[in-house]
Amino acid sequence: MSQNAKDQEQLGLWDSVGDPQNADRRTSRPVPPLPARRPAKPMEYQELWDIDDLANYLGVPKQTIYSWRTTGYGPKGMRIGKHLRWRAATVITWTLGLEQNQ
């Protein structure tokens, strides 16, 4: 028997059957890809926005939003733990209200 045939017959302790790049070595099941940090959905479908999303939607710098929060102006935001979040529907309603007042 050739050396190559021996290598194919004997699997090591941590070797897996199939594609070694896409398999869990302990169970030899395919490993799903890791999720991204955030869902890759368009902004209008996200329920909660962070300050970057809000600044992007309104077209203002983040510092302007922080200033608005200290003066009580701007869309109503909420704190989730240490993070600031804005409900998308609330921001859109606030902008529509500004448009109607002009």
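As a starting point, this report considers the structure included with it.

Quick notes on the rules
- Residues numbered from 1 in each chain as written.
- Predicted model: local features only at pLDDT ≥ 70, side-chain atom pairs only at ≥ 80, totals over all residues.
- Heavy atoms only, no water.
- Pairing = 2+ DSSP bridges.
- Helix = DSSP H or I, 4+ residues; strand = E, 2+ residues; numbered from the N terminus.
- Expected span 1.5 Å × (residues − 1).
- Buried < 20%, exposed > 50% of the residue type's maximum accessible area, 1.4 Å probe, protein only.
- Arc of directions from axis to C-beta.
- Contact = heavy atoms within 4.5 Å.
- Salt bridge = Lys/Arg side-chain N within 4 Å of Asp/Glu carboxyl O.
- Core = buried A, V, L, I, M, F, W, Y, C linked by side-chain atoms within 4.5 Å.

1. Here we look at the sheet that holds strand β1 (residues 48–49)
Taken in spatial order, the three strands of this open sheet run β1-β3-β2, and their pairing is antiparallel. Looking along the sheet, the strands with just one partner apiece sit at the ends: β1 and β2 (78–80). Taken together, the two bridges between β1 and strand β3 (residues 83–87) define a ladder with antiparallel strand orientation. Within the sheet, the bridge partner assigned to L48 lies in β3 and is R87.

2. Overview of helix α4 (residues 88–101)
The end-to-end C-alpha distance of α4 is 20 Å, a good match for the 20 Å that 14 residues give at a rise of 1.5 Å each. Along α4, the residues classified as buried are A88, V91 and W94. For α4, the angular spread of buried residues about the axis comes to 130 degrees, placing them on one side. Seen from the buried face of α4, the exposed residues on the opposite side, beyond 90 degrees, are T93, Q100 and N101. Considering only its buried residues, α4 is in contact with β1, α2 (51–58), α3 (62–71) and β3.

3. Overview of the pattern of salt bridges
According to the stated counting rule, one finds two salt bridges in the structure shown. With its nearest N and O atoms 2.8 Å apart, the salt bridge here joins E47 to R87. Placement of the pair is E47 in the loop between α1 (3–9) and β1 and R87 in strand β3, with a sequence separation of 40 residues. On the basis of relative accessible area, R87 is assigned to the partly exposed category, the value being 36%. One salt bridge connects D52 with K62, and the closest N-O pair in it is separated by 3.4 Å. Of this pair, D52 sits in helix α2 while K62 sits in helix α3, placing them ten residues apart in sequence.

4. Topic: the nonpolar core
Nonpolar side chains in soluble globular proteins tend to be buried together. In terms of nonpolar packing, the biggest core is built from nine residues, these being W49, I51, L54, A55, I65, L84, W86, A88 and V91. Listing elements by their share of this core, those giving two or more residues are α2, β3 and α4. Among the elements that line this core, the one with the most residues is α2, at three residues.

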